[in-house]
Amino acid sequence: MSTFLLIFCVKSDKKIKKNLDKRFKNINPRLDDFSRLGRKEELDVDDLVEQLRNGDRKALSTAITLVESKHPRHKAFADEVIERCILFAGRSIRIGITGTPGVGKSSFIEQVGQHILKEDHKIAILTIDPSSQVTGGSILGDKTRMQELAKNQDVYIRPTPAGDSLGGVAKKTRETILLCEAAGFDIVLIETVGVGQSETMVHAMVDVFLLLLLPGSGDELQGMKRGIMEMADIVVVNKADGQRVAAAKATALEYQNAIHLFPAKENGQIVSTLTCSSSTGKGVDVVWKEVRQLAGSLKKNGYFNENRRKQAAYWLDQTIRDNLINTFFTDTAVREAYEIAKKAVLDGKKSPFAAAEEVVAIIKK
Ligand SMILES: Nc1nc2c(ncn2[C@@H]2O[C@H](COP(=O)(O)OP(=O)(O)OP(=O)(O)O)[C@@H](O)[C@H]2O)c(=O)[nH]1
Ligand SMILES: [Mg+2]
């Protein structure tokens with residue numbers, strides 16, 4: 001009897017551990033990567049890049065985890081992987097999807113993904129929510145909103161964890177895009193919450209930018225940040241179902257009529273305004289058709305490549321700026337001088353401008 005009990009306990013222990021592992025993996029899909037990264041001997045750039053290029057999802061996840069890591073050894077390794085992958089990157093259409101929380105971005109992606117898959121594409125989905133301090137996007141939430149896509153082998157879903165700064169998030173996301181492309185994903189969808197500056201950041205890394213709106217949000221047009229409207233290539237009024245169909249159509253019309261109030265788009269195209277339902281799927285195919293057509297026109301008129309070159313130059317400048325600021329503020333002499341200068345400014349003994357000159361002068365020496 002006691003032997004039986006012992007065996008039973010060992011067995012159920014194993015079972016519990018297995019279940020726990022499974023649960024933790026669901027909560028943190030990077031768990032495996034981290035334990036892999038912990039083993040030094042497993043890190044080999046050649047191997048990792050080769051596996052990644054062969055479309056190995058585990059290798060892709062490991063590479064992204066390296067990019068996200070703060071560990072200096074991982075960082076150096078990640079830089080090398082990126083350098084190798086960059087030659088194979090770029091062959092995709094990068095699509096940004098923004099809109100207020102709850103407008104239906106993830107549900108829209110779940111629907112539009114089905115149409116994209118029908119055309120034999122491989123989709124990488126990156127979700128960014130820099131306002132979330134913990135995970136930078138609800139991993140569980142996204143996976144449940146994108147249940148069908150999450151099961152598909154041609155789809156890779158990855159939330160970008162929040163960084164210390166928007167610049168940090170931007171760098172990670174940019175590098176993650178390159179890695180996904182090198183792994184053969186030729187459609188990259190980036191979901192970002194339309195609050196703060198994250199949409200500006202995402203706009204600067206995509207080829208086509210979609211703005212999702214709610215029916216009846218036409219009133220916001222007046223107060224809406226001009227910036228978002230100016231960035232949008234396609235405006236989609238989602239939740240056009242049930243009682244809201246008429247309201248959605250009216251909202252789309254309001255936006256359609258307001259488009260001429262905004263400056264003409266640099267890409268030479270006219271913004272289209274559509275309605276769809278990410279619950280029923282109605283109209284989502286038309287949105288995808290529009291995206292595809294727009295990308296085609298941009299490739300034809302040369303803007304697609306020109307824009308990518310501009311974006312690359314922008315990120316070069318931006319990264320230099322971020323690095324300089326980081327280097328500057330981590331310098332001990334600068335930090336000391338800064339504290340003294342700040343006190344003088346707060347006490348009204350010095351102007352902020354003169355104090356800033358003095359602090360910057362330290363680095364010039
Ligand atoms: N009726 C209706 N409900 C929808 C539609 N699209 C999304 N929803 C619902 O709206 C809620 C929010 O949808 P999400 O797809 O999570 O929205 P989101 O914009 O990704 O939200 P965040 O990621 O939190 O910013 C969910 O309850 C969805 O079921 C739609 O077209 N019609
Ligand atoms: Mg979402």
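Refer to the structure printed above.
This structure is a prediction, so every number in the text was calculated from the model and none was measured. (Residues numbered from 1 in each chain as written. Chains lettered and ligands numbered in written order. Predicted model: local features only at pLDDT ≥ 70, side-chain atom pairs only at ≥ 80, totals over all residues. Heavy atoms only, no water.)

Trainee: Describe the sheet that holds strand β3 (residues 155-160), with residues and values.
Mentor: Pairing is parallel across the open sheet formed by seven strands, whose spatial order is β3-β2-β4-β1-β5-β6-β7. Where the open sheet ends on each side, the last strands, each with one partner, are β3 and β7 (272-275). Between one strand axis and the next, the sheet turns through 20° on average, direction left out of account. As paired elements, strand β2 (residues 123-128) and β3 share six bridges and run parallel to each other. Looking at the pairing, Ile-123 lines up with Val-155 of β3. Contacts from helix α6 (residues 105-118) reach β1 (93-99), β2, β3, β4 (187-193) and β5 (208-213) within the one sheet, and its direction differs from that of β4 by about 170°. (Pairing = 2+ DSSP bridges. Helix = DSSP H or I, 4+ residues; strand = E, 2+ residues; numbered from the N terminus. Axes fitted to C-alpha atoms, helices over the stretch in contact; angles between N-to-C directions. Contact = heavy atoms within 4.5 Å.)

Trainee: I'd like a rundown of the pairing of β1, residues and numbers included.
Mentor: Among the seven residues of β1, seven are classified as buried, and the element is accordingly described as predominantly covered. With burial as the criterion, each face of β1 is covered, one bearing Ile-93, Ile-95, Ile-97 and Gly-99 and the other bearing Arg-94, Gly-96 and Thr-98. Bridge analysis of β1 against β4 gives seven bridges, and the strand direction is parallel. The partner of Thr-98 across the bridge, within β4, is Thr-192. Where β1 meets β5, four bridges bridge the pair, whose relative direction is parallel. Bridging across to β5, Ile-97 finds its partner in Leu-210. (Buried < 20%, exposed > 50% of the residue type's maximum accessible area, 1.4 Å probe, protein only.)

Trainee: Give me the lowdown on the nonpolar core, citing residues and values where you can.
Mentor: The biggest cluster of nonpolar side chains holds 40 residues, and the ones touching the most others in it are Leu-52, Leu-60, Val-81, Leu-179, Cys-180, Ile-190 and Met-201. Of all the secondary-structure elements, those providing two or more residues to this core are α3 (45-53), α4 (57-68), α5 (72-85), β2, α9 (166-182), β4 and α10 (198-203). For this core, the leading source of residues is α9, giving seven residues. Lining this core are residues from two domains, each supplying at least three of them: domain 1 (25-85) and domain 2 (93-300). Ile-97, Val-103, Leu-212 and Tyr-303 belong to the second-largest nonpolar core, a separate cluster that totals 33 residues. (Core = buried A, V, L, I, M, F, W, Y, C linked by side-chain atoms within 4.5 Å. Domains from an automatic or database assignment.)

Trainee: Got a sec to walk through the site of ligand 1? Specific residues and values, please.
Mentor: Close to ligand 1 lie 18 residues; Lys-105, Ser-107, Arg-145, Asp-241 and Ser-278 are nearest. Contact distances for ligand 1 include 2.9 Å between a nitrogen atom and a side-chain N or O atom of Arg-244. One of the backbone nitrogen or oxygen atoms of Ser-278 is found 2.6 Å away from an oxygen atom of ligand 1. At the level of secondary structure, the elements contributing two or more residues to the shell around ligand 1 comprise α6 and β4. When residues of the shell around ligand 1 are assigned to their parent elements, the largest contribution, three residues, is made by α6. Tallied by class, residues from the shell around ligand 1 come to three nonpolar, nine polar and six charged. (Near = heavy atom within 4 Å. Polar contact = N/O pair within 3.5 Å; in protein donor to acceptor, adjacent residues only side chain to side chain. Nonpolar A, V, L, I, M, F, W, Y, C, P; charged D, E, K, R; others polar.)

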